[in-house]
Every structure is written in C-alpha cells, then in structure tokens.
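# Fold and geometry: a report
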Amino acid sequence: MTVDSAKPDRLKWLGSNLMLGFLVTALSIFTAGANYSTYVVGGRASDYQAEGDRLLANSNTEYIRATQFIIVDYTMYDGYYVNLDKDNAAADYYQANFSDELKASLDRNDAFDSAYSDAMYADADASFDEAFAKIDQSNAESGREAGYQLAMLVTAVGLAFAAYASLLDEANHLRRVFALMSLIMLVLSLGQFFVTSAV
C-alpha cells in the first residue's frame, strides 16, 4: 500500500451525488430568481424611459407654445408702442392683450427681461428637467438589469459545470473539479446578485 492511497480523500464530499444535487437545485432556483429580477428591473427601466420620452415630448410642446405666446406678446407690444399717443383706442386694445408675464415685466420697467422669459418657459423647463430625471432613473435601472443578467449568466455556467460533473463517474477527479467550479460560480453569482440589489 502506497502513502498516497492511504490518505483519506477529503474532497470526496464535493463530488458526491448529494452535493451535486444541491448545486443543481440551488443554481436552477437562483438562475430563475436572477432571470425574474432581470425581467422586473427591465420593465421598470422601460417604464421610466417611456415616461421620460413622454415628458420630453410635452416639454417640446410647451416650449413651442411658450414661444408662440412670446411672439403674440411682441406683436401686441409693437402694436401698443406704434399706436401710443397716436390712436389711444388701438393702443388700449393692444395693451389689454398683454400676457400677465409681460405686464409684470413692464411693472419692473424692463419689458421682455430674463424673468419674463423664465416665467414663459417655466412649464417647458419643468417638464424638461422631469424628463431627464426619469431618463436617469431608466439608465440606473438598465445598469441594474445588466448586473442581474451577469448573475444569471454566471449561475447558468455553474449549472452547466454541475450537470457535467453529475455525468462523470465518482472515481473521476474531474467530477470534483467541475463540482468545485460550480460551487465557485454559485458564490460569485450570489455576490453579483446582492451587489446589484444593493445599488
């Protein structure tokens, strides 16, 4: 009897049917869980992106509408200025059609100042900012989706190692190597999953 054959095989448990059965079960369940998490986060990313696109379209509409109102204000102000002291009835007509924002800027003695522009474009700017906040949320969720997909990929590779190990004879040393690789993949995928969930 040689010294090598007298040593007990401490890693025999790693290639046991019980351990391989545990690995196949754990990796299968975890692959399904990672896939579901990918689906959920991907849906949220799509929802945020769609909401951001909608808000951005609204912002563009509000911007065009505000620009049209500004053009009307310029037209009314020009009509008022041209008719002032010449045709008071026409000047009064034009002045009556000033927007509240133009009236406020005239009260500040600075027609069409920056406060006027800010007030006219306030709704468009608010929608624009909200749109990009939603798009940023979508990008963050897409990053999480990629993290879950990586966890799912690693678990699938680990599952393949466990499945191949189960096909090998118990005396084959590759059975334990593949079982060890499967166990490492399980640990790595769990780490990836929890890191992604913590973000």
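A brief look at the structure comes next. (Residues numbered from 1 in each chain as written. Predicted model: local features only at pLDDT ≥ 70, side-chain atom pairs only at ≥ 80, totals over all residues. Heavy atoms only, no water.)

## Focus on the overall build of the chain
From N to C terminus, the chain includes seven helices and zero strands. The order of helices and strands in the chain, counted from the N terminus, is α-α-α-α-α-α-α. Compactness check: the chain gives a C-alpha radius of gyration of 34 Å against a globular reference of 16 Å for 199 residues, more than 25% above the reference. Once the C-alpha set of the chain is aligned to its principal axes, its extents read approximately 125 × 25 × 15 Å. (Helix = DSSP H or I, 4+ residues; strand = E, 2+ residues; numbered from the N terminus. Rg over C-alpha atoms; globule rule 2.2 N^0.38 Å.)

## Thoughts on the packing of aromatic side chains
Tallied over the full model, the rule gives 16 aromatic pairs. Geometrically, the ring pair formed by Tyr77 and Tyr80 is tilted, given 6.3 Å between the ring centres and 40 degrees between the ring planes. Taken together, the residues Tyr77 and Tyr80, both in helix α2 (residues 17-83) and three residues apart, mark about one turn of the helix. On the basis of relative accessible area, Tyr77 is assigned to the partly exposed category, the value being 21%. (Phe/Tyr/Trp six-rings, centres within 6.5 Å; stacked < 30°, edge-to-face > 60°. Buried < 20%, exposed > 50% of the residue type's maximum accessible area, 1.4 Å probe, protein only.)

## Quick notes on the packing of α2 against helix α3 (residues 88-96)
Following both chains from N to C, one finds α2 and α3 inclined at 160 degrees, their axes separated by 8 Å at the closest point. Of the possible angle classes, the one that applies to α2 and α3 is roughly antiparallel. Taken as a pair, α2 and α3 cross one another with a handedness that is left-handed. Here Met76, Gly79, Tyr80 and Asn83 of α2 lie close against α3, whose contacting residues are Asn88, Ala90, Ala91, Tyr94 and Gln95. Its residues assigned to classes, the contact of α2 with α3 comprises five nonpolar, four polar and no charged. (Axes fitted to C-alpha atoms, helices over the stretch in contact; angles between N-to-C directions. Parallel < 35°, antiparallel > 145°, perpendicular 65-115°, else oblique. Left-handed = near helix turned anticlockwise from the far one by under 90°. Contact = heavy atoms within 4.5 Å. Nonpolar A, V, L, I, M, F, W, Y, C, P; charged D, E, K, R; others polar.)

## Focus: α2
End to end, α2 covers 98 Å across 67 residues, agreeing with the expected 99 Å (1.5 Å per residue, within 8%). At the exit of α2 stands Asp85, carrying a positive phi of roughly 65 degrees. (Expected span 1.5 Å × (residues − 1).)

## A closer look at a nonpolar patch on the surface
On the surface, Leu150, Leu153 and Val157 cluster together to form a nonpolar patch covering roughly 240 Å² of accessible area. Structurally, the position occupied by Leu150 is in helix α6 (residues 122-167). Owing to a relative accessible area of 39%, Leu150 belongs among the partly exposed residues under this scheme. (Patch = residues over 30% accessible without salt bridge, like charges linked within 9 Å, V, L, I, M, F, W, Y side chains within 5 Å. Areas by Shrake-Rupley, 256 points an atom, 1.4 Å probe, with all protein chains shown as cover. Salt bridge = Lys/Arg side-chain N within 4 Å of Asp/Glu carboxyl O.)

## What to know about the packing of α2 against helix α7 (residues 173-198)
At their nearest, the axes of α2 and α7 sit 10 Å apart, and the two run at 30 degrees to each other. One way to sum up the angle between α2 and α7 is to call them roughly parallel. For the crossing formed where α2 meets α7, the hand is left-handed. In contact with Asn17, Met19, Leu20, Phe22, Leu23, Ala26, Leu27, Phe30, Gly33, Ala34 and Ser37 of α2, α7 contributes Arg175, Ala179, Ser182, Leu183, Leu186, Ser189, Leu190 and Phe193. For the contact of α2 with α7, the class distribution of residues is 13 nonpolar, five polar and one charged.

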